[in-house]
Amino acid sequence: MQLRSILNPCAAVVVFLAAAAQAFPAFAEFTAATTGRIDAVRRFADLALDKGRDRYREAPTPLFVDGLNVDTLEPVRWQYKGESWICSNLASQQNLFRTLTGLTRLTGDARYKEAAKEAIAWHFDHLARPCGLLQWGGHRFVDLATGNIVGEQDTHELKWSFPFYELMLEVIPGATAAFLKAFWNAHILDWSVLDMNRHGRYGLSPGPLWDHDYAGGEPFFPSRGLTFLNTGSDLMYAGVMLHALNGDEGALTWAMRLMKRYVDARNPFTGLGAYQYGTLANNNDRALRQFAPDFPGHVVLEGTLLASGGIYSYGGVSQLRMAERLGDAGSDMLEWAREGLVAYASHAYDPDTNLLTPMLTDGTPLTDLSMDRAGYYSAGITRPSQADALLFYAYALGFRLTGDETLWRTARNMGRAHGLGDLGEAPGTNPEIPEDMAASDPQLLFGVLELLRAAPHPSYRDLAVRLGDNILAQRYFNGFFLPSADHVNANFDVLEPLALLALEASLQDKADAVPDWPAGRGYIHGPHDGVGRTTDATVIWSKRRN
């Protein structure tokens, strides 16, 4: 245990801790665990700073690569048309920046947050487009071998990314506010009905922005774009953060209007939610063409197809975090999020199997769908799926913010399915945590920390600590956090170090020191040599040794 390296230069603190540990064994155990967690995150961060920043040309920048090969420390690459691009996608580094910021706040070592700030400032100063948009996201990133912007297409796309806008507004407030407005400007196709698309257009002039007229109207109107909730959530998040951090009332007004669009598209009887609120014009809706003949008398659209829990996991966490950020101004958003989670638990979730049934939003299951008709959707849409760790986090966070008993029961059942034992019939009521609890998913740790905030029971604290211990034992290898020892490439945007810092902050009663995780993730999506259209999750981060 390298206590001195962690606390240096505070030598007096080292002496105090050593004396306290000798006098009080329980304090020694706490100190050792704390040191182990902080030391692991610090070593990870040092690797990112020392080996993960641009060093590939004569004039290097403060930019980070997305990750490294754990054996060679070479940067991860994307192969396209015979070229090999060193991946540096600022949108795929936002959780890294949250980790670096939290590490600085807990240790007092300014190097980590400063490195994140330098990368953000350089990107804004050198790579932002004149329209205000950044060149990042699903289809655009920097090749650090050449310094060029590369990717499949010249379009802006964020899907459930939820960037660390708090730090951006701290570093370069004017340009960040300009980006947030440009984000809306690029993706909204018709402000009167909030027709929007996941692909945003670079180069547009600002236009009236918040001064557009809004008419609203019924959902599932003929649309030009695909009003996907993943991009819609990012737009809402951008508007809420611009209001919360910059006082922009227009941004909040339009964010709430957008959220209400998705709420109005929910089924009026089940309350089950919609992935989109428009439908492609001229009967081009992909679900309509493929499945409508199989469900006579039902409304079959992409917006009424509930095939996975994403709108309640990514969507649910982000909505809850936005509502929490807004306080009283977010009361409607909080209630909409609660209602959605209750509806999903009531109609689609089986607590005995932890399975989610794919269905139409009117409650009609898709499990017996024949799939005889070819189309956009594959047979996977008919198969029930496990309620994952992120959905557990959504229900735990939802319970903490609302106190809803259905959310508690659902979190309890999901926790049991993920090996957490029995969290109790009521919060803090006789929880039973198994001695051999082996779970190590950081999303579970985020959820347990929410339950600990809601009900500070010692068993929940112990469960959180054991999850942290398991993360170190099962996912930490030579300074990197990996799904297993067989994985070849280490992603710097992983959640494990952020979750460990959140645990440490909770134990020190400094929860606000570590940035919240709003369920954001980064990704690259496009054609890759030898594979076709794919994602970095498939061709880079899932790669294992033979």
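Whatever comes next refers back to the structure up there.
Residues numbered from 1 in each chain as written. Predicted model: local features only at pLDDT ≥ 70, side-chain atom pairs only at ≥ 80, totals over all residues. Heavy atoms only, no water.

Visitor: For this particular structure, what's the right way to read helix α7 (residues 173-187)?
Guide: Each α-helix turn comprises 3.6 residues. Residues three or four places apart therefore point the same way. Taking 1.5 Å of rise per residue, the 15 residues of α7 would be expected to cover 21 Å, and the 22 Å separating its terminal C-alpha atoms lies within 8% of that figure. Those residues of α7 that sit buried are Thr176, Ala177, Phe179, Leu180, Ala182, Phe183, Trp184, Asn185, Ala186 and His187. (Helix = DSSP H or I, 4+ residues; strand = E, 2+ residues; numbered from the N terminus. Expected span 1.5 Å × (residues − 1). Buried < 20%, exposed > 50% of the residue type's maximum accessible area, 1.4 Å probe, protein only.)

Visitor: What exactly am I supposed to notice about the sheet that holds strand β14 (residues 385-386) here?
Guide: Paired through their backbone hydrogen bonds, the strands of a sheet run either parallel or antiparallel. The sheet built from 3 strands is open, its strands ordered β11-β12-β14 with antiparallel pairing. Strands with a single pairing partner mark the edges of an open sheet, and in this sheet they are β11 (349-350) and β14. With 2 bridges joining them, β11 and strand β12 (residues 355-356) adopt antiparallel strand pairing. By the bridge assignment for β12, Asp350 is matched with Leu355. (Pairing = 2+ DSSP bridges.)

Visitor: Quick question: what am I supposed to make of the sheet that holds strand β2 (residues 77-80) here?
Guide: Here 4 strands make up an open sheet; going across it, the order is β2-β3-β4-β5 and the pairing antiparallel. The open sheet has two edge strands with one neighbour each: β2 and β5 (148-150). Averaged over all adjacent pairs, the angle separating strand axes in this sheet is 50 degrees, with direction ignored. Bridging between β2 and strand β3 (residues 83-88) involves 4 bridges; their strand directions are antiparallel. Looking at the pairing, Tyr80 lines up with Glu83 of β3. (Axes fitted to C-alpha atoms, helices over the stretch in contact; angles between N-to-C directions.)

Visitor: How do you make sense of the pairing of β2 when you look at a structure like this?
Guide: The two faces of a sheet get side chains in turn, since along a regular strand they alternate between them. Only one face of β2 is buried, namely the one carrying Trp78 and Tyr80, since none of Arg77 and Gln79 on the opposite face is buried. Turn length for the β2-β3 hairpin, with the two strands adjacent in sequence and antiparallel, is 2 residues, and the turn residue Lys81 shows positive phi of about 55 degrees.

Visitor: Would you mind going over the pattern of salt bridges with me for this structure?
Guide: Any two side chains of opposite charge can pair, given that their charged atoms come close. Taken as a whole and assessed by the stated rule, the structure comprises 30 salt bridges. Linking Glu170 and Lys113 is a salt bridge whose minimum nitrogen-to-oxygen distance equals 3.0 Å. One end of the pair, Glu170, is in helix α6 (residues 165-171); the other, Lys113, is in helix α5 (residues 111-127), with 57 residues separating them in the sequence. Among the residues examined, Glu170 registers a relative accessible area of 43% and is labelled partly exposed. You can call Lys113 buried: its relative accessible area is 15%. We note a salt bridge from Asp516 to Arg321, for which the minimum N-O separation is 3.7 Å. Taken as a pair, Asp516 in the loop between α17 (496-507) and β18 (525-528) and Arg321 in helix α11 (residues 310-326) lie far apart in primary sequence, 195 residues in all. (Salt bridge = Lys/Arg side-chain N within 4 Å of Asp/Glu carboxyl O.)

Function-wise, these values are silent; they only describe arrangement.
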